[in-house]
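The residues making up each chain are set out below.
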Amino acid sequence: MSTTILPTPADLSITPRDRRFGRSAAEPRLWHGGRAEATAIYNALSTTFPRGEAFFVESVRAFRDGVPPRLAEEIKAFTTQEAIHSREHDAFNKRAAQAGYDLSMLEAQVEKRLAITRGKPPIVSLAATMALEHFTAILAHQLLADPRHLDGADTEAADLWRWHAVEEIEHKGVAYDTWLYATRDWPRWKRWKVKAKVMLYVTRNFVVDRTAGALELMRQDGVTGLRAWRMLLWYLWVRPGMFRKIAGAWVRYFLPGFHPWDEDDRHLLGAYAAIGTGDEPKRKVRRAA
Ligand SMILES: [Fe+2]
Ligand SMILES: [Fe+2]
């Protein structure tokens, strides 16, 4: 297993777009079409991003020494994109707090999960990052592929989520390629076993934690008990059914020889594809790499 072919498209460009969202006006509390369950699940996801994405960056950068030059460049662009995502989701979360939500329970849960992972060898953090980046990429794909997911959402908030989705698709192979390089001397079966085990662990926590987080935020809106469960499960699994719709792409992660770019979904980047290459204000983007 010494040579690794990286199937990332040769003409892929990972372009950090230094955008700011929602700074000018207060956001309605139920910004997602006035719906408690829709607002709650997106807010619960957003709560994980500032700390979670900092962890992704730290996990990938721990293995950047000696990687091929092209991957080194991709790691830099990924780092910059994630740093800007963290900043924008931090601002988004502050607006949710200003609207009256208490996010402390959700934040504590993220900290708890990260502390457990950080207590393990760095390669486990990389495997967890790779798994969560696959999650993010398939959620992003679905979000852009089906406009129903953001139906009725506040315009600025919807823009933030679409912008984030675009960049997650662009850098979806970076953690994976870093892993392929870091484990290039491992036997195939060991690579697959660690990758699969970590994905199962991460998935369980992702589904349980985001569901619990969303239910907590719905409780803060006065929606509780069976009614809250019914609304949330319907939204996630039936209509628009984000979790159901990503199930197939989630399973593909376990196929031998899988790579995130097996599916080239850059056609979904649409209007955003050109942004950041000249249309953007010439603001200096902080590069953490
Ligand atoms: Fe991100
Ligand atoms: Fe990402």
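Residues numbered from 1 in each chain as written. Chains lettered and ligands numbered in written order. Predicted model: local features only at pLDDT ≥ 70, side-chain atom pairs only at ≥ 80, totals over all residues. Heavy atoms only, no water.

A.B. asks: Help me get a handle on the overall build of the protein, residues and values and all.
C.D. replies: A tally of regular secondary structure across the protein gives 10 helices and 0 strands. Over its C-alpha atoms the protein spans a radius of gyration of 19 Å, differing by no more than 12% from the 19 Å that the globule rule assigns to 289 residues. If one aligns the C-alpha atoms of the protein with their principal axes, the spans along those axes are about 55 × 45 × 30 Å. Taking all 289 residues of the protein together, the buried fraction comes to 54%. A fraction of 86% describes how many contacts in the protein between residues 6 or more apart in sequence connect residues 24 or more apart. If you sum the accessible surface of the protein, you get close to 13,300 Å²; carbon and sulfur atoms cover 58% of it. Counting 43 positive and 35 negative side-chain charges, the protein places the centres of these two groups 4 Å from one another. (Helix = DSSP H or I, 4+ residues; strand = E, 2+ residues; numbered from the N terminus. Rg over C-alpha atoms; globule rule 2.2 N^0.38 Å. Buried < 20%, exposed > 50% of the residue type's maximum accessible area, 1.4 Å probe, protein only. Contact = heavy atoms within 4.5 Å. Areas by Shrake-Rupley, 256 points an atom, 1.4 Å probe, with all protein chains shown as cover. Lys, Arg positive; Asp, Glu negative; His and termini not counted. Charge placed at Lys NZ, Arg CZ, Asp CG, Glu CD.)

A.B. asks: Can you break down the coordination of the iron ion (ligand 1) residue by residue, with the values?
C.D. replies: Each protein donor to the iron ion (ligand 1) is listed here as Glu53 (OE), Glu82 (OE), His85 (ND1), His164 (NE2) and Glu168 (OE); together their distances run 1.9 to 2.2 Å. Mapped onto the sequence, the residues coordinating the iron ion (ligand 1) show the spacing E-x28-E-x2-H-x78-H-x3-E. Metal-to-metal, the separation of the iron ion (ligand 1) and the iron ion (ligand 2) is 3.8 Å; Glu82 coordinates the two. You can see Glu53 sitting in helix α1 (residues 36–61) and its partner His85 sitting in helix α2 (residues 69–98), a full 32 residues away along the chain. The pair Glu53 / His85 is uniform in exposure class, with both members buried. (Donors = N, O, S within 2.8 Å, 3.2 Å for Na, K, Ca; no water.)

A.B. asks: Account for a nonpolar patch on the surface, with residues named and values stated.
C.D. replies: Nonpolar side chains collect at one region of the surface, where Leu226, Trp229, Leu233, Trp234, Trp237 and Val238 lie side by side and expose about 630 Å² of accessible area between them. When you line up the elements, Leu226 lands in helix α8 (residues 225–238). Its relative accessible area of 67% is what places Leu226 among the exposed residues. (Patch = residues over 30% accessible without salt bridge, like charges linked within 9 Å, V, L, I, M, F, W, Y side chains within 5 Å. Salt bridge = Lys/Arg side-chain N within 4 Å of Asp/Glu carboxyl O.)

A.B. asks: An account of the coordination of the iron ion (ligand 2) is needed here, citing residue identities and associated values.
C.D. replies: Within the protein, the atoms that donate to the iron ion (ligand 2) are Glu82 (OE), Glu133 (OE), Glu133 (OE), Glu168 (OE), Glu168 (OE) and His171 (NE2), at distances of 2.0 to 2.7 Å. Here the iron ion (ligand 2) binds 6 donor atoms, and the angle range of 52 to 151 degrees at the metal identifies the geometry as irregular. All donors of the iron ion (ligand 2) belong to a single chain; written as a sequence motif, their spacing is E-x50-E-x34-E-x2-H. (Tetrahedral: all angles 85-135°; square planar, octahedral: opposite > 155°, others 65-115°.)

A.B. asks: Describe the packing of α2 against helix α6 (residues 174–182), and please don't skip the residues or the numbers.
C.D. replies: Remark: α2 packs on α6, axes separated minimally by 10 Å, with the N-to-C direction vectors making an angle of 140 degrees. Considering their axes alone, α2 and α6 lie oblique with respect to each other. The interaxial crossing formed by α2 with α6 has left-handed handedness. Note on element contacts: α6 touches α2 through Val174, Asp177, Thr178 and Tyr181, opposite Leu71, Glu74, Ile75 and Phe78. Tallied by class, the residues present in the contact of α2 with α6 amount to 5 nonpolar, 1 polar and 2 charged. (Axes fitted to C-alpha atoms, helices over the stretch in contact; angles between N-to-C directions. Parallel < 35°, antiparallel > 145°, perpendicular 65-115°, else oblique. Left-handed = near helix turned anticlockwise from the far one by under 90°. Nonpolar A, V, L, I, M, F, W, Y, C, P; charged D, E, K, R; others polar.)

A.B. asks: Kindly report on the environment of Ala91, identifying the contributing residues and their values.
C.D. replies: Here Ala91 lies in helix α2. Along the sequence, Ala91 and Arg20 sit 71 residues apart, while their C-alpha atoms lie 9.1 Å from each other.

A.B. asks: Explain the side chain of Ser86 residue by residue, including any values.
C.D. replies: Looking at where Ser86 falls in the secondary structure, it is placed in helix α2. Within the local environment of Ser86, its side chain forms a polar contact with the backbone oxygen of Pro50, the two atoms lying 3.4 Å apart. Apart from the residues lying within four places of it in its own chain, the contact partners of Ser86 are Phe49, Pro50, Glu53 and Ala54. (Polar contact = N/O pair within 3.5 Å; in protein donor to acceptor, adjacent residues only side chain to side chain.)

A.B. asks: Got a sec to walk through the confidence of the model for the protein? Specific residues and values, please.
C.D. replies: When pLDDT is averaged along the protein, the result is 92; 92% of the residues meet or exceed 70. Taken together, the stretch residues 276–289 has pLDDT below 50 and engages in 25 contacts with residues farther than four places along the chain or on a different chain. (pLDDT = per-residue confidence, 0-100.)

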